[in-house]
Amino acid sequence: MRMYDIIMKKRDGGELSKEEIEYFVYNYTKGNIPDYQASALLMAIYFKKMNKRETADLTMAMVNSGETIDLTSINGIKVDKHSTGGVGDKTSLVLGPMVAACEVPVAKMSGRGLGYTGGTIDKLESIKGFSVEIPMDKFIENVNTVGLSIVGQTGNLVPADKKIYALRDVTATVDNISLIASSIMSKKIASGTDAIVLDVKCGSGAFMKNKDDAFELGQEMVDIGTALNRKTVAVISDMDEPLGFAVGNVLEIIEVIETLKGNGPKDLVQLCLSLGSHMLILGGKAQNPYEAEKLLKNIIENGLALKKFKEFVMAQGGDPSFIDNTNLMPSAKYIYEVKSDKEGFVEKIIADEIGIASLMLGAGRETKESKIDFGVGIVLNKKVGDSVLKGEVLAKIYANTEDKIAPCNEKIINSFIISDKAIKNKKLIYGVVSDKGIERY
Ligand code: URA
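A brief look at the structure comes next. Computed from a predicted model, the values in this text were never measured in an experiment. (Residues numbered from 1 in each chain as written. Predicted model: local features only at pLDDT ≥ 70, side-chain atom pairs only at ≥ 80, totals over all residues. Heavy atoms only, no water.)

A few words now on the site of the ligand. As a structural note, the neighbourhood of the ligand is formed by Thr 84, Tyr 165, Arg 168, Ile 180, Ser 183, Ile 184, Lys 187 and Phe 207. Within the contact set of the ligand, an oxygen atom lies 2.9 Å away from a side-chain nitrogen or oxygen of Arg 168. Within the complex, the protein chains bury 91% of what would otherwise be the 240 Å² of accessible surface of the ligand. Of all the secondary structure elements, the ones that give two or more residues to the shell around the ligand are helix 8 (159-170) and helix 9 (177-190). Among the elements that take part in the shell around the ligand, helix 9 stands out by supplying four residues, more than any other. (Near = heavy atom within 4 Å. Polar contact = N/O pair within 3.5 Å; in protein donor to acceptor, adjacent residues only side chain to side chain. Areas by Shrake-Rupley, 256 points an atom, 1.4 Å probe, with all protein chains shown as cover. Helix = DSSP H or I, 4+ residues; strand = E, 2+ residues; numbered from the N terminus.)

Written as structure tokens, this is what we have:
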């Protein structure tokens, strides 16, 4: 087999065989295929697409490129949750304790952020003493005792994805449905979970910019999960404005604590209730969304979700004192108010622009080697639909370097689209895809 022939076949719109896909994944991971040939194939896939059979074969070839995790020693149905990536997305940190407190075990391997999307692991590392790298036996023990553990992905889990994703990131081939679906699902399958709830984001802050593509991506991932005997549900949600108010590591952790105390932003709470309901249903703790939501609301009201968060932090070496006093967390030297230059109604907050502004402040990584400044970020003061007066505060910038404030201020102002007309209630959740089909809301 020759890589040249595989590239040419896909370039001309052909269907790759299982063997050809395995040849590419195996040899690229081993370093036998140069980046320029792999890039050419990825670009051919981007333009000519892959069918369902090719996508499923690509997923399994990626799973088989490294080790897989055996979670059978964890009691109960393990349900994982994964988001396709967004701005201000802290749902995993809210859902983990909520779902674990309802006695569905959560054994989660998460990634770091790259680009403007924040990573759960980075947020957790802003907690003093918290370790995201614990041995596998301790990870399993924590899930069996606490009900929840979140760790970074181990080095040899789907090494093919690590290499291919890094190449996609620099060759403009990230936003292809087959490539995203196989990348996400290979990691979920390899990490040993029994069931998967996917949060597929759609809008300016997401890889999928329109609803049809987001539903198609959801369907593709549900099909892969179903074919591999993992019950899979995809919730299609809006990312045309950041989720919640806070963007930035410590700022998001504070919002997580507030949400677990019952004071969360409306959109974040709604999304967590929806994703959490599917997790409880797949985990066998509820029969229907109504029953599941009741359990989840109750677990917040009776304080058990917050208690679970504390237990989880302590079990991974974190100092939990910040939970009662968030002033103990790293903070920013300067807090600057971004003021509106016009009056009207917030029609849109361009989420990726807010993500980039927070990246400029140091809350994310420009390159894999960048060091994160945990205390910096942005807290929105207005959300889509809110009315604004001229001079009113749109957002607050938390910065540690004074010279970042002015460019950030400009970016935030430009990302707020203010209209003269009142905005109709916008949908947060567009629908759900499961093995029963698509349900649009
Ligand atoms: N998240 C992933 O893990 N992979 C993708 O390709 C896109 C988002």
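Text resumes after the structure shown.
Attention now goes to the nonpolar core. Judged by nonpolar contacts, the single largest core of 80 residues is most densely connected at Met 98, Leu 260, Phe 309, Phe 312, Phe 322 and Ile 412. Excluding its chain neighbours within four sequence positions, the residues that come into contact with Leu 260 are Leu 93, Val 94, Pro 97, Met 98, Ile 300, Ala 305, Leu 306 and Phe 309. Counting residues in each nonpolar core, the second largest holds 36 residues, with Phe 24, Met 50, Met 109 and Val 143 among its members. (Core = buried A, V, L, I, M, F, W, Y, C linked by side-chain atoms within 4.5 Å. Buried < 20%, exposed > 50% of the residue type's maximum accessible area, 1.4 Å probe, protein only. Contact = heavy atoms within 4.5 Å.)

Applying the stated criterion across every chain yields a total of 32 salt bridges. One salt bridge in this structure joins Arg 11 and Asp 12, with 3.0 Å as the shortest N-O distance. Asp 12 sits in the exposed class, given a relative accessible area of 54%. Among the charged side chains, a salt-bridge network with shared partners connects Glu 15, Arg 53 and Asp 57. (Salt bridge = Lys/Arg side-chain N within 4 Å of Asp/Glu carboxyl O.)

Bringing the sheet that holds strand 9 (residues 377-380) into the picture now. An order of 6-9-11-7 is seen for the four strands of this open sheet, with the pairing classed as antiparallel. Every interior strand has two partners, whereas the edge strands, strand 6 (246-247) and strand 7 (334-339), have only one. With two bridges connecting them, strand 6 and strand 9 associate as antiparallel partners. By the bridge assignment for strand 9, Ala 246 is matched with Val 379. Set on the sheet, helix 17 (residues 405-415) makes contact with strand 7, strand 9 and strand 11 (393-399); between it and strand 7 the angle comes to about 35°. (Pairing = 2+ DSSP bridges. Axes fitted to C-alpha atoms, helices over the stretch in contact; angles between N-to-C directions.)

Looking now at helix 9. Helix length check: helix 9 (14 residues) gives 20 Å between terminal C-alpha atoms against 20 Å at 1.5 Å per residue, within 8%. The buried fraction of helix 9 is high, at 14 of 14 residues. Taking the backbone nitrogen of Ser 178 as reference, a side-chain oxygen 3.1 Å away marks Asn 176 as the first, capping residue of helix 9. Backbone geometry just downstream of helix 9 places Gly 192 in the positive-phi region, at approximately 80°. (Expected span 1.5 Å × (residues − 1).)

To continue, consider the environment of Ala 61. When you line up the elements, Ala 61 lands in helix 4 (residues 52-63). Under the relative-accessibility criterion, Ala 61 is labelled buried at 10%. Considering only alpha carbons, one finds Ala 61 and Lys 163, 102 residues apart in sequence, at a separation of 14 Å. Not counting residues within four places of it along the chain, the set of residues in contact with Ala 61 comprises Ile 21, Glu 22 and Val 25.

Any functional reading would require information that these geometric values do not contain.
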